[in-house]
Amino acid sequence: MNPHRQKSSYCSEGASCVHVATVWQKSSYCSEGNSCVHIASMAAPPTIRLTESGDPTHAVLNATPTAFGALIHVLKLNKEASLD
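These remarks concern the structure in this document. (Residues numbered from 1 in each chain as written. Predicted model: local features only at pLDDT ≥ 70, side-chain atom pairs only at ≥ 80, totals over all residues. Heavy atoms only, no water.)

1. Points about the overall build of the protein chain
To be explicit about the condition: Going along the chain from the N terminus, every DSSP run of H or I of four or more residues is numbered as a helix, and every run of E of two or more is numbered as a strand. Buried, partly exposed and exposed residues are distinguished by accessible area as a fraction of the type maximum, computed with a 1.4 Å probe on protein chains only: under 20%, between the cut-offs, and over 50%, respectively. Note on contacts: a residue pair qualifies if any of its non-hydrogen atoms lie within 4.5 Å across the two residues. Surface accessibility in these figures is a Shrake-Rupley result with a 1.4 Å probe; residues are shielded only by whichever protein chains are displayed.
Tallying secondary structure elements over the protein chain gives one helix and six strands in all. Helices and strands in the protein chain line up, N terminus first, as β-β-β-β-β-β-α. Of all 84 residues assigned to the protein chain, the portion counted as buried reaches 21%. Taking as baseline every contact in the protein chain between residues at least 6 positions apart, the subset at least 24 positions apart corresponds to 15%. A total of about 6500 Å² of accessible surface is found on the protein chain, and carbon and sulfur atoms cover 58% of it.

Rendered as structure tokens:
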């Protein structure tokens, strides 16, 4: 997977900008294949980034740590409910 780069928020329009490479971590629930969820975090502003390796557009979903925590909480509740 190619790393996505984020342009510095202090950069105005033009060619001389600082870009930060995002380090992506593949989900531990992903088996071998090309359709896996990847996650990365950015320190400033605090952002959780999600992408799916099988997406040809390389779309990235950004979420606050609070919103991401709520998503994980709901997913865990739904998993527990499906096991009952």
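2. Digging into the state of the cysteines
The test is simple: For this text, the term disulfide refers to a pair of cysteine sulfurs within 2.5 Å.
What the rule picks out here adds up to one disulfide. Note that Cys 30 is cross-linked by a disulfide to Cys 36, the S-S spacing being 1.6 Å. Each of the two residues, Cys 30 as well as Cys 36, counts as buried.

3. As for the environment of His 38
Take His 38: it is sitting in strand β4 (residues 37-42). The buried category is assigned to His 38, whose relative accessible area is 9%.

All quantities given are derived from atomic positions and should not be read as evidence of function.
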